[in-house]
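Coordinate inspection notes
Letter by letter, the chains look like this.
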Amino acid sequence: MTHSRPGTIRATHGRARIWPRVLAGVGIVLIWLVLAGIGGPTFGKLSSVSDNDPAAFLPSSAEATEAREAQGEFLGTDSIPAIVVVSAHGALDDADRDALTRFAAAAERVDGVDGAVVGPVPSADGLAAQFIVPIGSDETIKTVVAELRAALAEAVEGTALTGHVTGGAGFSADLSDAFGGIDGILLAVALGAVFVILLLVYRSVILPFAVLLTSVFALCAAILVVYLLAAADVIALNGQSQGILSILVIGATTDYALLFVSRFRDEIAEGSDRSAAIRGAWRGAVEPIVASGATVAVALLCLLFSDLSSNRALGPIGAAGIVCAVLAALSFLPAVLFLLGRVAFWPVGPRTTGENAAVTVETGLEGQRGLWRRVGTVVSRRPRVVWVSCVLLLAVACLGLGQLRADGVPQSELVLGGSDAAAGETMLGEHFDAGAGSPVYIVVDESSADEVSAAVADQPDISTVTAIADGGGPAVGGQPPLVVDGRVLLSATLTVEPDSERAEEQIVQIRDAVHAIQPDTVVGGSTAIAYDTNVTAQRDLVTIIPIVLVVILVILMLLLRSVVAPVLLMATVVLSYAATMGVSAIVFTNVIGFSGADATVPLFGFVFLVALGVDYNIFLMTRVREESALHGTRPGILRGLSITGGVITSAGLVLAATFAALSVIPIMFLVQLSFIVAFGVLLDTVLVRSLLVPALGYDLGRVIWWPARLGREPQRPRVR
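Our subject in this report is the structure included herewith. (Residues numbered from 1 in each chain as written. Predicted model: local features only at pLDDT ≥ 70, side-chain atom pairs only at ≥ 80, totals over all residues. Heavy atoms only, no water.)

Now for the overall build of the protein chain. Along the protein chain, the regular secondary structure elements total 20 helices and nine strands. Counting the 720 residues in the protein chain, one finds 55% classified as buried. Of the roughly 28800 Å² of accessible surface on the protein chain, 61% is carried by carbon and sulfur atoms. (Helix = DSSP H or I, 4+ residues; strand = E, 2+ residues; numbered from the N terminus. Buried < 20%, exposed > 50% of the residue type's maximum accessible area, 1.4 Å probe, protein only. Areas by Shrake-Rupley, 256 points an atom, 1.4 Å probe, with all protein chains shown as cover.)

This paragraph deals with the side chain of E425. Relative to the assigned elements, E425 resides in helix 13 (residues 420-431). For the buried E425, which has no salt bridge, the nearest side chain bearing the opposite charge is R149, at an N-O separation of 11 Å. Leaving out residues up to four positions away in the same chain, E425 has contacts with T166, F171, S412, E497, P498 and D499. (Lys, Arg positive; Asp, Glu negative; His and termini not counted. Salt bridge = Lys/Arg side-chain N within 4 Å of Asp/Glu carboxyl O. Contact = heavy atoms within 4.5 Å.)

Attention shifts here to the environment of Q538. Checked against the element boundaries, Q538 lands in helix 16 (residues 526-560). Residues Q538 and D407, spaced 131 residues apart in sequence, show a C-alpha to C-alpha distance of 7.7 Å. When sequence neighbours within four positions are dropped, the list of residues in contact with Q538 reads A406 and D407.

This next bit is on the packing of aromatic side chains. The way to describe two aromatic rings as a pair is by their centre distance and the angle between their planes. Taken as a whole and judged by the stated rule, the model has 11 aromatic pairs. Here a set of aromatic residues connected by ring pairs shows up, and it is made of F588, F594, F675 and F679. For R634, the ring lying beneath its charged end belongs to Y698, and the centroid distance is 5.5 Å. (Phe/Tyr/Trp six-rings, centres within 6.5 Å; stacked < 30°, edge-to-face > 60°. Lys NZ or Arg CZ within 6 Å of the ring centre and 35° of its normal.)

Proximity of charged atoms lets side chains of opposite charge pair with each other. What the rule picks out here adds up to 13 salt bridges. Residues R639 and E627 are paired through a salt bridge, measuring 2.6 Å at the closest nitrogen-oxygen approach. Of the two residues, R639 is situated in helix 19 (residues 633-660) and E627 in helix 18 (residues 601-631); the sequence distance between them amounts to 12 residues. Across the pair, E627 and R639 agree in class, each one buried. Among the ionic contacts, a cluster of salt bridges with common partners joins R263, R623, E626, E627 and R639.

Structural data, given as structure tokens:
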């Protein structure tokens with residue numbers, strides 16, 4: 001009878017046990033490949049279910065929304081006007097008029113033009129003419145405006161005429177063109193930045209690809225979910241949300257992946273085989289990753305309390321992306337790392353060090369080397385000096401908040417570097433009343449129409465007020481106004497640019513005047529839409545910030561099983577946000593020269609910075625709690641700082657780089673948001689998480705865990 005050696009039997013059994021795990025890993029990878037294969041091609045289709053019309057974002061209760069709905073009853077359409085303005089170097093001659101006639105005929109043949117083209121309407125100086133071209137609200141405005149611009153260029157070819165397409169449709173089209181880089185340039189820049197950082201951090205050729213694939217697959221899954229929701233009209237997608245989704249998913253997935261890789265690397269370094277290493281890494285990473293993802297997702301879902309549909313839609317869009325990020329980081333990445341094993345770190349693999357034997361429980365610093373030992377030494381020797389200095393520095397940065405102007409910016413400044421619509425608005429103001437193409441609409445009871453019309457005409461920035469007659473034109477020459485349900489539609493022309501601050505002030509004055517006469521009167525138009533959007537955004541800021549703070553505070557209390565630590569963490573994150581906004585205000589005003597900021601910038605900056613800032617505190621404090629349970633609070637803080645310092649700093653650099661990539665899209669809102677989040681994340685990573693939080697916790701000691709049992713541990717001696 002032949003007997004096998006025991007070692008041979010164990011090896012055979014080991015190989016038998018590992019094959020089912022290998023097959024499971026391959027299966028998980030294949031599932032994600034299928035999801036990526038379905039979701040990836042959907043990326044280029046998002047623009048087909050995206051709407052960049054500002055009017056679509058207002059709540060139904062807004063006065064401008066009520067006016068817009070009533071306006072369609074009078075004009076027979078809720079079309080969006082494109083204003084075409086053409087000028088010559090001298091007075092318009094017969095050849096110029098022939099060119100204008102050709103354009104009018106060509107414009108009416110463009111698919112998507114909804115009704116007759118009004119014009120050419122000559123200017124008082126005889127040097128220019130304008131057309132009003134109605135575009136159906138269900139049409140792809142970008143495509144229609146592009147065809148109008150092509151028709152205009154063809155009509156004026158060979159003449160001295162120059163022209164532009166502006167108005168609401170022109171600005172929407174230019175905004176869509178600017179968002180066009182989201183599908184390619186933004187993704188390439190973000191992934192390239194992440195790849196370079198991962199190469200520098202891990203000095204591995206294979207691992208960066210594993211992490212990037214995790215991020216890309218999470219994004220593909222998120223895009224598929226968002227596309228289906230937008231196509232079913234469950235959410236309202238716009239270019240702004242589309243760009244934020246890409247950056248948010250890539251950055252968050254990479255952060256979660258780095259945390260898992262760090263745990264896996266530690267397990268490998270302690271001598272575990274690949275199976276044990278994956279199990280250990282999963283056990284250590286699942287709580288902070290899920291808690292972090294839940295915090296960000298819930299904070300984003302708080303945007304559902306917004307009155308602006310653009311803000312409200314970003315909630316489920318961003319939350320869906322975060323859920324996909326968590327799932328990819330806890331399924332696809334572990335499967336890939338299990339299949340690769342130590343090869344993932346090639347050519348610089350982790351050294352086997354044993355159970356951290358060199359680190360003593362007394363201080364948490366013995367045996368540690370490099371930057372984080374020095375940081376820990378500073379924190380442990382002078383904790384109060386460190387955290388007080390950090391607070392003072394952040395407080396000084398907060399002084400810049402006085403320069404923050406976030407009450408909206410002119411529509412002509414939204415696209416950086418200028419646009420055809422902005423040039424058209426300038427030309428329009430040179431030859432016509434500046435608001436000629438974007439009238440103020442007033443819907444009033446017929447009995448009060450004359451009195452309201454006179455009150456509006458008395459306003460300082462109004463040139464003309466006319467009632468709308470049957471057919472949509474002005475009621476002139478004794479023609480009676482069109483009456484619908486006992487109401488009349490008045491059209492008032494502004495003498496100032498319709499997207500200016502002065503125009504919005506005029507809307508307020510008009511509303512005050514007409515409401516005093518007839519409270520049911522509603523005032524709308526593009527200027528009123530912009531004003532109501534800014535007011536609603538500022539109201540959202542006051543409403544949503546407290547909700548986000550309370551929700552995240554509750555999550556932290558449940559996670560850390562403490563009251564004191566979560567309150568301190570939230571206080572540091574809020575202080576960091578205020579400091580970031582202060583610095584951003586100085587940069588925007590004095591360095592870049594922006595006239596102001598979009599009204600939604602402070603809210604989006606708050607949601608992202610608070611949620612993502614808490615992310616890093618979760619990574620730190622869950623490890624600190626784990627170490628404190630074994631070694632005491634103060635040694636636990638130093639151990640947690642030294643163990644997580646490298647991975648959290650890397651994660652912060654990655655997230656800052658990905659959000660900085662938003663600046664390649666020439667939209668003021670995205671450029672401002674990219675700076676705020678990138679700077680804020682770096683500030684939180686370098687100063688708040690590395691110095692302020694550890695020093696504050698070290699100074700307070702075990703009280704930070706109150707009222708949990710961990711807060712009643714015997715106090716360890718402080719290192720001097």
